[in-house]
Amino acid sequence: MASLKREIDNLQELERLTAELRAKIEETKKGVGLEEDDEELTKLQLENSKLKHRLAILKNAIEVEKGSSGGKTSTTTTSVAASKAFTPAEIPAEINTMISISDHLLDLFTNAIAKAFPQLAGTAAIISPVNSNAAKFGDYQCNSAMSLAKTLKASGVNKPPRDIANEILKHCQPSPLVEKLEVAGAGFINVFLKKSYAVDALTNMLKSGVKAPHVKKQRVLVDFSSPNIAKQMHVGHLRSTIIGESISRLLEFLGHDVLRINHVGDWGTQFGMLIAHLEDRFPNFLNESPPIGDLQAFYKESKKRFDEDEEFKKRAYNRVVQLQSGEPNSTKAWKLICDVSRLEFQKIYDRLDITLTEKGESFYQSCMIEVVKYLESKNLLELDEGRKIMWPTDEKTGIPLTVVKSDGGFTYDTSDMAAIRYRLEEQKCDWLIYVVDAGQNTHLKNIYLAAERCGILNPAKHKAEHVQFGVVLGEDGKKFKTRSGETVKLSDLLDEGLKRSLDKLIEKERDKVLTPEELKAAQESVAYGCIKYADLSHNRTNEYVFSFDKMLEDRGNTAVYLLYAFTRICSISRNSGEDFSDLAKVLETTNIELEHEKEWKLAKTLLKFPDILVKISKDLLLHILCEYCYEVSTVFSEFYDNCYCIEKNKEGQIVKVNRSRILLCEATAAVLRKCFFILGLKPVAKI
């Protein structure tokens, strides 16, 4: 109980300090015109945040010690069994489900550090998974001892990392996930998972479906795709559309309230020339819908006239003014042009299975007027050669935003400021994600800084994130273009994908075993799947080379390999001669067994799924999920090669069905199916 009393004393002292800090913060906030207080306030708030975290950990550690039997744990310095259950305060809500093991161990060891070394309370543990091929070192490791030794030494305490590790181990509470802990080497704590937990978690998953790990739910807006009206979608829109859709699916699966927004370019000077050209080409457009078949050609025609004909240019500018003032004929012409574009966009979205809600630049027209008034009321706009500009920061460095042009018009800066205000204040979003190419990094950074400066974006409540990506390259290493140097149309790219995938299927003589309907489903699954996966499997921050030949390979980390592997996994239960359609019923008479090392390796790989989701929800790097899919598939192949699921005699008759292993096959299929859904892949029953 001495350690408990010491922790209570520490807690009371921290609470006193926190109360003093809160009072000082409030006093500082009341200061008027004291610029030096800004820095002081920031320091105080940071210190207060650290203390709150330490308080939370100490309170948790005290509750654990109060609830344990005398607060005693195993005293061995090399290994400790972890067979007892957590106290009620420590048990996760659904311990028999797949949870984030890394997060669970982070809490476990962070609490142990706080108990072993109260002066280091609040220090987060360092947890890392162990390579699956190095099972003798456990499944996870806590690698905190080395860094803690340096911290302690700086405060005058010399303690070897291995001794620190043993001290942490002594204070670890038992966990239903952990079989044993042991200290190895210089001070690593090896964590061995409990097979019974894996069995329970996988069994529950087969009964109830693949569930998402627990995360704090937020209202998230994902801004992606964003093509321009009157222009065809091209390869430049591919990455934003694919990445944005997958991020939306991931966050929706995790339980967030996700708004999928298509910020289309449907406002601006170009619409003046389009409306003027429409009036000339189709003078009866007010009464009869104009047959604009190729908007791209229509746009080029109007642009040529705009550049060469001064009279036409004047009329185009006049139509912009009329449109912005709401003149009925110009408004109708604008709507007709937008509708034609939307139909073309939707064809692409339907093919790629993309869901979006359009809120284009025009939506924020009235908001732009209001945001200008708002910025003026805060004295944040300055005159600069007739323009009204705003500096993103008080230091007035970098590139200022042009909020109002010298002619009184608005800019992209204005519409983006209006949009971020609407999204945070009207749509009540907590987290904004802009899936936009890396070239917009400076612009978006300035928008976020300006929104923070004027009080629209509060970093304590909101997060605004630029999910940037590199360009798509051709096989020549240059920006992806057609042979004539034109930008590749997205519809043409998808058509080429369909042609290539069908050629591949025919080459493998799948047309001889699949029905026409099955062949078409396989063709679309491979074509669209390989295009999406080739994009998502690369780190989005890098460029990547677009190559149909590489993405259609059936070896390595490709969509084709994974789709084939998935189909084979699903076929195992069908080929068993037994009914596995109702897994809950099968589980009434069959238990999952993990006796073979390859069975256990596969189970542990499947248990990593929540860890992967939690990780990518933080950095939004979807290639990590692709790598996980490939890992699952390769580990499954090891399992299948070494563990018979169905045994047959020389005549090909089934003599034995290992139902436990088939359940492992079904668990693998379930996890891959969920991964595929997040990545936008559509597996088929036959391929």
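This structure is a prediction, so every number in the text was calculated from the model and none was measured.

The rules behind the values
Residues numbered from 1 in each chain as written. Predicted model: local features only at pLDDT ≥ 70, side-chain atom pairs only at ≥ 80, totals over all residues. Heavy atoms only, no water. Helix = DSSP H or I, 4+ residues; strand = E, 2+ residues; numbered from the N terminus. Contact = heavy atoms within 4.5 Å. Core = buried A, V, L, I, M, F, W, Y, C linked by side-chain atoms within 4.5 Å. Buried < 20%, exposed > 50% of the residue type's maximum accessible area, 1.4 Å probe, protein only. Phe/Tyr/Trp six-rings, centres within 6.5 Å; stacked < 30°, edge-to-face > 60°. Pairing = 2+ DSSP bridges. Axes fitted to C-alpha atoms, helices over the stretch in contact; angles between N-to-C directions. Disulfide = S-S within 2.5 Å. Parallel < 35°, antiparallel > 145°, perpendicular 65-115°, else oblique. Left-handed = near helix turned anticlockwise from the far one by under 90°. Nonpolar A, V, L, I, M, F, W, Y, C, P; charged D, E, K, R; others polar. pLDDT = per-residue confidence, 0-100.

### Description of the side chain of T203
- Position of T203 relative to the elements: it lies in helix 6 (residues 195-208).
- Setting aside chain neighbours within four positions, we find T203 in contact with L587 and I592.

### Section: the side chain of H237
- Among the secondary structure elements, H237 is positioned in the loop between strand 6 (219-223) and helix 7 (238-253).
- With sequence-adjacent residues up to four places away left out, H237 is seen in contact with S225, S226, P227, N228 and Q232.

### Quick look at the nonpolar core
- Among the nonpolar cores identified, the biggest contains 169 residues, and F109, I247, I433, F546, F609 and L625 are the most heavily contacted of them.
- Membership of the second largest hydrophobic core comes to 32 residues, among which are I261, L375, M390 and L457.

### Some thoughts on unusual backbone geometry
- Not every positive phi belongs to a glycine, and S226 is a case in point at roughly 50°.
- One can find S226 in the loop between strand 6 and helix 7.

### Concerning the packing of aromatic side chains
- With the rule as written, the count across this model stands at 13 aromatic pairs.
- Residues W267 and W334 carry aromatic rings whose centres are separated by 5.4 Å and whose planes lie at 85° to one another, so their mutual orientation is edge-to-face. Taken together, the residues W267 in the loop between strand 7 (257-262) and helix 8 (270-281) and W334 in helix 11 (residues 328-352) connect sequence positions 67 residues apart. Each member of the pair, W267 together with W334, is buried.

### A closer look at helix 21 (residues 609-619)
- In terms of residue burial, helix 21 counts as a mostly covered element, since eight of its eleven residues are buried.
- Along helix 21, the residues classified as buried are F609, P610, D611, I612, L613, V614, I616 and S617.
- Positioned one or two residues after helix 21, L620 has a phi angle of 55°, which is positive.

### Here we look at the pairing of strand 10 (residues 387-390)
- Two elements, strand 9 (residues 382-384) and strand 10, share three bridges in a ladder whose sense is antiparallel. Looking at the pairing, E382 lines up with I389 of strand 10.
- Where strand 9 folds back on strand 10, the antiparallel hairpin that results is connected by two residues, among which E385 adopts a positive phi of roughly 55°.
- Inspection of the sheet shows strand 10 paired to strand 11 (residues 401-404) by three bridges, in the antiparallel sense. If you follow M390 over to strand 11, its bridge partner there is L401.

### Description of the sheet that holds strand 12 (residues 431-435)
- The strand order across the open sheet built from five strands is 8-7-6-12-13, with neighbouring strands paired in parallel fashion. In this open sheet, the two strands that pair with only one neighbour each are strand 8 (357-358) and strand 13 (463-467).
- In this structure, strand 7 lies alongside strand 8, joined through two bridges in parallel fashion. In the sheet register, N262 faces strand 8, and the bridge partner there is E358.
- Helix-sheet contacts for helix 14 (residues 441-453) involve strand 12 and strand 13, and the interaxial angle to strand 13 is about 175°.

### Observations regarding the state of the cysteines
- Counted under the stated rule, the structure contains zero disulfides.
- Summary of cysteine pairing: C172 is not part of a disulfide, and the nearest cysteine sulfur, belonging to C142, is at 7.2 Å.
- C675 supplies the cysteine sulfur nearest to C629, a cysteine that is in no disulfide, at a spacing of 3.9 Å.

### A few points about the packing of helix 21 against helix 22 (residues 623-642)
- Running from amino to carboxyl end, helix 21 crosses helix 22 at an angle of 160°, the nearest separation of the two axes being 9 Å. The orientation of helix 21 with respect to helix 22, classified from their angle, is roughly antiparallel. For the pair helix 21 and helix 22, the crossing hand works out as right-handed. Seen from helix 21, the contacting residues are F609, I612, L613, K615, I616 and D619; seen from helix 22, they are I624, L625 and Y628.
- Across the contact of helix 21 with helix 22, the residue classes tally to seven nonpolar, no polar and two charged.

### As for the confidence of the model for the protein chain
- Put simply, the protein chain has an average pLDDT of 87, and 85% of its residues get 70 or more.
- Low pLDDT, under 50, characterises residues 29-39; the stretch is placed with four contacts to residues that sit more than four places away or in other chains.
- Under a pLDDT of 50 for its full length, residues 63-94 has, in the predicted model, 61 contacts with residues more than four places off or in other chains.

### Points about the sheet that holds strand 11
- In space, the three strands of this open sheet follow the order 9-10-11, with antiparallel pairing throughout. On the outer flanks of this sheet lie strand 9 and strand 11, each paired with one strand and no other. Within the sheet, the average angular offset between the axes of one strand and its neighbour, ignoring direction, is 50°.
- Contacts from helix 13 (residues 412-426) reach strand 10 and strand 11, with the element oriented near 85° to strand 11.

### Observations regarding the environment of L536
- With respect to the secondary-structure elements, L536 resides in helix 16 (residues 516-536).
- Owing to a relative accessible area of 3%, L536 belongs among the buried residues under this scheme.
- The contacts of L536, once residues within four sequence positions are left out, are I242, I243, S246, L622, H623, C626 and L679.

### A short note on the pairing of strand 4 (residues 178-184)
- Pairing of strand 4 with strand 5 (residues 188-193) involves six bridges; the strand directions are antiparallel. Bridge pairing in strand 5 places L181 opposite V191.
- In this structure, the hairpin formed by strand 4 and strand 5 is closed by a connection of three residues, where G185 is found at a positive phi of approximately 60°.

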